[in-house]
Amino acid sequence: MMTILEKQIEVLKSEVPQVTDFFSDYGIILDDGGFTLGEYLEQLPEDFYEDIGIDQVTLLENLDGFLNQLNLLQNTEAPKVSEITIIGGHDKTGNPEHVELKLIRGSVTSIVGPTGSGKSRLLADIEWMAQNDTPTGRIIRVNGKKPDPELRFSLEYKLVAQLSQNMNFVMDTKVAEFIAMHAESRMIENAEAIVVDIIAQANLLAGESFTGQTPVTALSGGQSRALMIADTAFLSTSPVVLIDEIENAGIDRKKALSLLVKKEKIVLMATHDPILALMAEQRLIIKNGGIHKIITTTAKEKENLARLEELDNKLMSLRTRLRSGELIEES
Ligand SMILES: Nc1ncnc2c1ncn2[C@@H]1O[C@H](COP(=O)(O)OP(=O)(O)OP(=O)(O)O)[C@@H](O)[C@H]1O
Ligand SMILES: [Mg+2]
């Protein structure tokens, strides 16, 4: 699989000019000299990494995060996707997955299963449009066809907006600048108003509020998650939205989901939360790395969802009280 490491630096710089800034923050001046990015990073002396205080693996992870953040908002011309198909590979033991699952625009699918069962892996297969070249052997089709390799590896027109489980900001900017950069790269007309809206929405999802002047690196896990959710909801044009566990960030997950679920998108969401799982019209049960079952949410389950939500609201109000320092002593 062609990775960013195999890209010629010259090509990379012309596709994503922002990488120059990313590397210069680490004191790396990317002069191509005909290198691929991988070759270039390899030939840096060992003590170089000591000097910048992170190793190559972390540097690459940060780069991936950086590109992901750019991508979330940089695909104004993403081609139309009306469906994606997941063609089964095999589970962790090598047993075949007998699955051919079509996901259409406007659908929300949840992914459930124990910790370590392979939920994030499935999302990653879709993000990368796996072609039997990931640990699961799955194949992803877009509009019934093998995706065009250019589309697959394009850094500009990613089909997928991914809200990953671990999202760290690696850029050194203020919240408002960060969002404005995204809005501008989408050539949105009323960018300023949108920036204000996004920050307000993010604050509705998160706990303690932050402003446009807060540095992104000072945001908490939940706050960054909330910001990226609001940002994706308002600015992303990706036809496919992948969500990996919104619930753990302590943000208002139902509000977050309703922001993200827009009619025209294909939404997949890995979750441990029964309410979120039942809000989807179908769920994939993952076991030992494979898609074990596909269940359509039943009418009875939808009814029960209302009861679960009542319970949940009670728990939430307990949480709010605990957080504000009250005692929970009533019997
Ligand atoms: N079919 C498979 N074949 C081989 N390895 C797999 C397969 N499915 C998943 N894995 C591997 O299993 C590990 C755990 O998977 P993953 O991170 O997707 O779990 P998860 O369900 O997201 O867990 P959590 O709920 O803790 O987030 C990963 O290293 C993943 O690559
Ligand atoms: Mg996971």
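What comes next concerns the included structure. (Residues numbered from 1 in each chain as written. Chains lettered and ligands numbered in written order. Predicted model: local features only at pLDDT ≥ 70, side-chain atom pairs only at ≥ 80, totals over all residues.)

Some remarks on helix α11 (residues 253-260)
Here is step 1: Three or more residues of α11 are buried, namely R253, A256, L257 and L260. Down the axis of α11, the buried side of the element spans an arc of 95°, and every buried residue falls inside it.
Here is step 2: Taken together, the buried residues of α11 touch α9 (191-205), α10 (221-235), β6 (240-244), β7 (266-270) and α12 (274-279). (Buried ≥ 20, exposed ≤ 12 C-beta atoms within 10 Å, placed from the backbone. Helix = DSSP H or I, 4+ residues; strand = E, 2+ residues; numbered from the N terminus. Arc of directions from axis to C-beta. Contact = placed C-beta atoms within 7 Å.)

Some words on the environment of V175
Here is step 1: Of note, V175 is situated in helix α8 (residues 175-185).
Here is step 2: Residue class for V175 comes out buried when judged on the 25 C-beta atoms lying within 10 Å of it.
Here is step 3: Taking the C-alpha atoms as reference points, V175 and T211, separated by 36 residues in sequence, lie 7.2 Å from one another.
Here is step 4: Residues within four places of V175 in sequence aside, it is in contact with I199, F210, G212, T214, V216 and L227.

Section: the site of ligand 1
Here is step 1: The local shell around ligand 1 holds 17 residues, among which G118, K119, S120, R121 and G289 are the closest.
Here is step 2: Element by element, the count of residues in the shell around ligand 1 is highest for helix α6 (residues 119-127), at 3 residues.
Here is step 3: Per-class residue counts for the shell around ligand 1 are 2 nonpolar, 11 polar and 4 charged. (Near = placed C-beta within 6 Å. Nonpolar A, V, L, I, M, F, W, Y, C, P; charged D, E, K, R; others polar.)

Some thoughts on unusual backbone geometry
Comment: phi is negative for the bulk of residues other than glycine, and the bulk of peptide bonds are trans.
Here is step 1: In this structure, N132 takes a positive phi of about 60° despite not being glycine.
Here is step 2: Structurally, N132 is set in the loop between α6 and β4 (139-142).
Here is step 3: The class for N132 is exposed, based on 11 C-beta atoms found within 10 Å.
Here is step 4: Positioned with a positive phi, N143 is a non-glycine residue whose angle comes to about 50°.
Here is step 5: Tracing the backbone through its elements, the reader meets N143 in the loop between β4 and α7 (149-153).

Comments concerning the nonpolar core
Here is step 1: One finds I126, I229, A230, V240, L242 and M269 to be the most contacted residues of the largest nonpolar core, which totals 61 residues.
Here is step 2: Here this core takes 8 residues from α10, the largest share from any one element.
Here is step 3: Setting aside residues up to four positions removed in sequence, I229 forms contacts with L163, L205, A256, L259 and L260.
Here is step 4: Counting 9 residues, the second largest nonpolar core, distinct from the first, contains V19, L37, F66 and L70. (Core = buried A, V, L, I, M, F, W, Y, C linked by C-beta atoms within 7 Å.)

Re the sheet that holds strand β1 (residues 83-87)
Here is step 1: Here we have 3 strands laid out as an open sheet, ordered β2-β1-β4, and antiparallel in their pairing. Because the sheet does not close on itself, it has two edges, and the strands there are β2 (100-104) and β4. For this sheet, the mean inter-axis angle between neighbouring strands, taken without regard to orientation, is 20°.
Here is step 2: With 4 bridges connecting them, β1 and β4 associate as antiparallel partners. Residue pairing across strands places I84 opposite V142, the latter belonging to β4. (Pairing = 2+ DSSP bridges. Axes fitted to C-alpha atoms, helices over the stretch in contact; angles between N-to-C directions.)

What to know about the sheet that holds strand β5 (residues 160-163)
Here is step 1: If you walk across this open sheet you meet the 6 strands as β5-β6-β7-β3-β8-β9, and the pairing is mixed. In this open sheet, the two strands that pair with only one neighbour each are β5 and β9 (290-296). Taken over all neighbouring pairs, the strand axes of this sheet differ in orientation by 20° on average, direction set aside.
Here is step 2: Relative to strand β8 (residues 282-287), strand β3 (residues 108-112) runs parallel, the two sharing 4 bridges. In the strand pairing of β8, V112 is matched with I285.
Here is step 3: Across the sheet, α6 lies against β3, β5, β6, β7 and β8, angled at about 155° from β6, the strand it touches most.

Read these as layout, nothing more, since geometry by itself doesn't imply function.
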